[in-house]
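# Reading the structure
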Amino acid sequence: MKIIIIGAGVGGLATYHAIRKHLPSATVEIYDAHPSPLQSDKIIGGGISVGPNGQRTMATIAPSALSSIRDHGFEFSTFAFTNQDGKLLGEFPFGSKERYKYGQIMTTRSMVNKALLLEDGEMDGKVHWNLKVTRVWETDDAAWAQFEDGTAQKCDLLIGADGARSQTRNALFGEEYKPYYNGLTGLGGFIPLSCFTPFTRDALQNATTGSIAMGRVGGFGYSLLEPLNSSTQKLNWFSHAEIDEVLPSDTPRIDLMPLLMDRHGSWKSKYDDPNDPEKTLFRQIITIACEGKEDNNWLLLPRFYTPLLPHWTSIHGLSKEGSESKIQTSQGGGRIMLVGDSAHAMPPEGAQGVSCAVEDGLTLALLLKHYLPQDSSESQQDEAIAKAAKSYEDIRMPRVNKILVTAKGKADRKRQIGWLQDKIREISVWVISWIPESFMHDEIFGYDVEVHVAKYLGVSQDSL
């Protein structure tokens, strides 16, 4: 069986490792439109958190990658919420190791991506880099990918892990579910602690939680990025602003300094330098990020989301405009499937983008293993792929869509609000902070892919 994965980001690489574990006889090829991150200093995305459920999944398919992520990331179990005056509103449990075996890990998307590439010593050489897919389609007996250089590859199964602007998704829907800008632009970056005043640096060095300050204009979050007392410790900061149009990626950071200062320059925190009232934490972050020369200090990330998709595979048919498929019937064979952001571009408020992507990959691999008999005939293989496609949607879509809707709701509540709404929110945060962690997070953080796949299939977990 030949499988092609489009996209060598987190979702694509996690799916590769899952398939290599559970279908070792399959031939798997990965194509990516960009150069290898191992051969480039370019930053891939911003700071991300990897939840207990994502780590649990990764432990089964890429244990060395998980060890590397944990060794280099900042582990924490609570998020502290304050108002813009620095008053603590409450501390939220956010995945305790005692309950879920793994605590929350804050790291960078680049770190996760590189760790997955290094899981297999020859992984980087196995990826076809700098080869952009321009079209994907399905025939009666195969799936196809055409590339920018005019070449095309045929396979039994094509998995789209090519992000929010997925060409693979276009094969299913054309432009109907293309990503849209939601009016919020993320601002953030990574600042070495050495850039702060001695008081602020020393105070941050001992921080044990992530922090989010909230005000009428939105939120401003920050956390460490590496293990406590790391000599190269950095602060991950993130904010957002309501901006009508998508800003060019090369917008000078200094041009946005007035916007950030107007929104957050007067905010207070317990990390403010008492010896210099002008050196509050927020003013230091904004000044260092906007005036500094380090590229890592600054990331401009317009938020593009995709609407909830009605399906994630081609068993429901293909878009004639998007795929130019040669299939004449309305029903496809399920030979094209989506994982990760190509199926569900997750807002950062969900803190589940990476975790859901690796869950997708393992779920799909386990289903393919279950339905594909050894030494299967071509007709048996076709039937197995179609069954796996349906089961994949049955298992994954209800879970991910629920997380996605909740996350989008949280994002919408980050827009500018009035004084009364702000006070009501502060009271709500205090009340919610007393809710037991089990009630808040078991459904998300306690999720085990193997348990749910086994339950769906009606088999024992040991038989997977």
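See the structure shown above.
Residues numbered from 1 in each chain as written. Predicted model: local features only at pLDDT ≥ 70, side-chain atom pairs only at ≥ 80, totals over all residues. Heavy atoms only, no water.

### So, the overall build of the chain
Put simply, the rule is: Numbering of helices and strands runs from the N terminus, with a helix taken as a DSSP run of H or I at least four residues long and a strand as a DSSP run of E at least two residues long. Our radius of gyration is a C-alpha quantity, and the globule rule it is checked against amounts to 2.2 Å times the number of residues to the power 0.38. A 1.4 Å probe rolled over the protein chains alone gives each residue an accessible area, and that area as a share of the maximum for its type sets the label: buried under 20%, exposed over 50%, partly exposed in between. Per-residue and other accessible areas follow the Shrake-Rupley method at a 1.4 Å probe size, with only the shown protein chains counted as cover for residues. Asp and Glu count as negative and Lys and Arg as positive, but His and the ends of the chain are not part of the count. Lysine's charge is taken at NZ, arginine's at CZ, aspartate's at CG and glutamate's at CD.
Looking only at helices and strands, the chain features 16 helices and 18 strands. Taken over the C-alpha trace, the chain has a radius of gyration of 23 Å; the compact-globule value for 464 residues is 23 Å, and the two agree within 12%. By principal-axis analysis of the C-alpha atoms, the chain measures approximately 75 × 45 × 45 Å. Per-residue burial over the chain gives 56% buried out of 464 residues. When the accessible area of the chain is evaluated, it comes to approximately 20,200 Å², of which 51% is carbon and sulfur surface. Taking the average place of the 47 positive charges on the side chains of the chain and the average place of its 57 negative ones, the gap between the two points comes to 3 Å.

### With respect to the packing of aromatic side chains
Selection criterion: The rule is short: rings of Phe, Tyr and Trp, with Trp giving its six-membered ring, pair when the centres are within 6.5 Å, and they are stacked under 30 degrees, edge-to-face over 60, tilted in between. Should the NZ of a Lys or the CZ of an Arg lie within 6 Å of a ring centre and within 35 degrees of the ring normal, that charge is described as sitting over the ring.
Following the criterion strictly, the structure yields 21 aromatic pairs and no others. Centre to centre, the rings of phenylalanine 220 and tryptophan 237 are 5.7 Å apart; their planes meet at 15°, and the pair counts as stacked. One end of the pair, phenylalanine 220, is in strand E15 (residues 218-224); the other, tryptophan 237, is in strand E16 (residues 234-242), with 17 residues separating them in the sequence. Under the relative-accessibility criterion, tryptophan 237 is labelled buried at 1%. Connected via pairs of aromatic rings, a cluster forms that spans Phe74, Phe76, Phe79, Phe81, Phe92, Phe94, Tyr100 and Phe445. The side chain of arginine 399 reaches across the aromatic face of tyrosine 447, ending 3.7 Å from its centre.

### Comments concerning the pattern of salt bridges
This is how it is decided: Any carboxyl oxygen of Asp or Glu that lies within 4 Å of a side-chain nitrogen of Lys or Arg is treated as forming a salt bridge with it.
Per the counting criterion, the structure on display carries 15 salt bridges. With its nearest N and O atoms 2.9 Å apart, the salt bridge here joins arginine 396 to glutamate 359. Taken together, the residues span a long stretch of sequence, with arginine 396 in helix H13 (residues 378-412) and glutamate 359 in helix H12 (residues 353-371) at a distance of 37 residues. A relative accessible area of 0% means that arginine 396 is categorised as buried. Through salt bridges that share partners, Glu359, Asp360, Arg396 and Arg399 make up one connected network.

### Section: the sheet that holds strand E9 (residues 133-138)
Applied cut-off: By the convention used here, strands pair only if DSSP detects at least 2 bridges between them. Every axis corresponds to a line fitted to the C-alpha atoms, with the helix fit spanning only the stretch in contact, and the corresponding angles, defined between N-to-C directions, vary from 0 to 180 degrees.
What the three strands build is an open sheet, ordered E9-E10-E11; its pairing is antiparallel. Across the chains shown, the open sheet's two edge strands, defined by having one partner strand only, are E9 and strand E11 (152-155). Going across the sheet, the axis of each strand differs from the next one's by a mean of 15°, ignoring polarity.

### Points about the state of the cysteines
Covalent bonding between the sulfur atoms of two cysteines is what defines a disulfide. Convention followed: The definition used for a disulfide is geometric: two cysteine sulfur atoms within 2.5 Å.
Counting across every chain of the model gives zero disulfides. Here cysteine 195 is not cross-linked by a disulfide; its sulfur's nearest cysteine counterpart is in cysteine 290, at 13 Å. With a relative accessible area of 3%, cysteine 290 lands in the buried category.

### Side note on empty space enclosed by the protein
Selection rule: Points on a 1 Å grid, built from protein atoms alone, make a cavity when a 1.4 Å probe fits but cannot get out and make a pocket when they are open with protein on both sides within 12 Å along at least 5 of 7 lines; residues with an atom within 4 Å of a point are the lining residues. Grid points are joined across faces, edges and corners, and a volume is the space filled by probe spheres set on the points. By the convention adopted, Pro, Cys, Tyr, Trp, Phe, Met, Ile, Leu, Val and Ala count as nonpolar, Lys, Arg, Asp and Glu as charged, and the other residues, Gly among them, as polar.
Taken as a whole and assessed by the stated rule, the structure comprises one cavity of 30 Å³ or more. Each pocket or cavity is described by its volume, and for the largest cavity that value is around 30 Å³. At three residues, the largest contribution of residues to the lining of the largest cavity is made by E15. Across the lining of the largest cavity, the residue classes tally to six nonpolar, three polar and no charged.

### Quick word on unusual backbone geometry
The backbone of lysine 101 sits at a positive phi, close to 80°, despite the residue not being glycine. Within the fold, lysine 101 resides in the loop between helix H4 (97-100) and strand E7 (104-108). The phi dihedral of alanine 351 falls on the positive side, at around 50°, and the residue is not glycine. Mapped onto the elements, alanine 351 comes out in the loop between strand E18 (336-338) and H12.

### Observations concerning a nonpolar patch on the surface
For clarity, the threshold we go by: Here, patches come from residues exposed beyond 30% relative accessible area and free of salt bridges, joined within 9 Å for like charges and within 5 Å for nonpolar side chains (Val, Leu, Ile, Met, Phe, Trp, Tyr).
A surface patch of nonpolar side chains, about 510 Å² in accessible area, is lined by Ile427, Trp430, Val431 and Trp434. For tryptophan 430, the location among the structural elements is in helix H14 (residues 419-432).

### Looking at the side chain of histidine 441
The test is simple: Polar contact is defined as a pair of N or O atoms within 3.5 Å, subject to the rule that within protein one atom must be able to donate a hydrogen and the other to accept it, and that residues adjacent in sequence are counted only when both atoms are side-chain atoms. Whether two residues are in contact is decided by their heavy atoms, any of which lying within 4.5 Å being enough.
Here histidine 441 shows up in helix H15 (residues 437-445). Using a relative accessible area of 10% as the deciding quantity, one classes histidine 441 as buried. From its side chain, histidine 441 meets the backbone oxygen of proline 93 in a polar contact 2.7 Å long. Dropping the residues within four chain positions of it, histidine 441 is found in contact with Pro93, Phe94, Gly95, Tyr100 and Gly446.

### A look at the sheet that holds strand E12 (residues 157-160)
Strands sit in the order E8-E2-E1-E12-E18 across an open sheet of five strands; the sheet is parallel. Among the strands making up the open sheet, the edge pair consists of strand E8 (127-128) and E18. Where strand E1 (residues 2-6) and E12 come together, four bridges link them in parallel fashion. Bridging from a neighbouring strand, isoleucine 5 pairs with isoleucine 159 of E12. Seen against the sheet, helix H1 (residues 10-22) touches E1, strand E2 (27-31) and E12 and runs at an angle of roughly 170° to E2.

### Focus on the environment of threonine 287
Tracing the chain through its elements places threonine 287 in helix H10 (residues 281-291). As for threonine 287 and isoleucine 48, which are separated by 239 residues in sequence, their C-alpha atoms are 23 Å apart. Excluding residues within four positions of it along the chain, threonine 287 makes contact with Met257, Met261 and Gly292. Within the structure, the side chain of threonine 287 is placed 2.8 Å from the backbone oxygen of arginine 283, a separation counted as a polar contact.

### Section: the side chain of glutamate 138
Relative to the assigned elements, glutamate 138 resides in strand E9. Among buried Asp, Glu, Lys and Arg side chains, glutamate 138 stands out as unpaired, with arginine 335 the closest opposite charge at 4.5 Å. Within the local environment of glutamate 138, its side chain forms a polar contact with the backbone nitrogen of glycine 333, the two atoms lying 2.6 Å apart.

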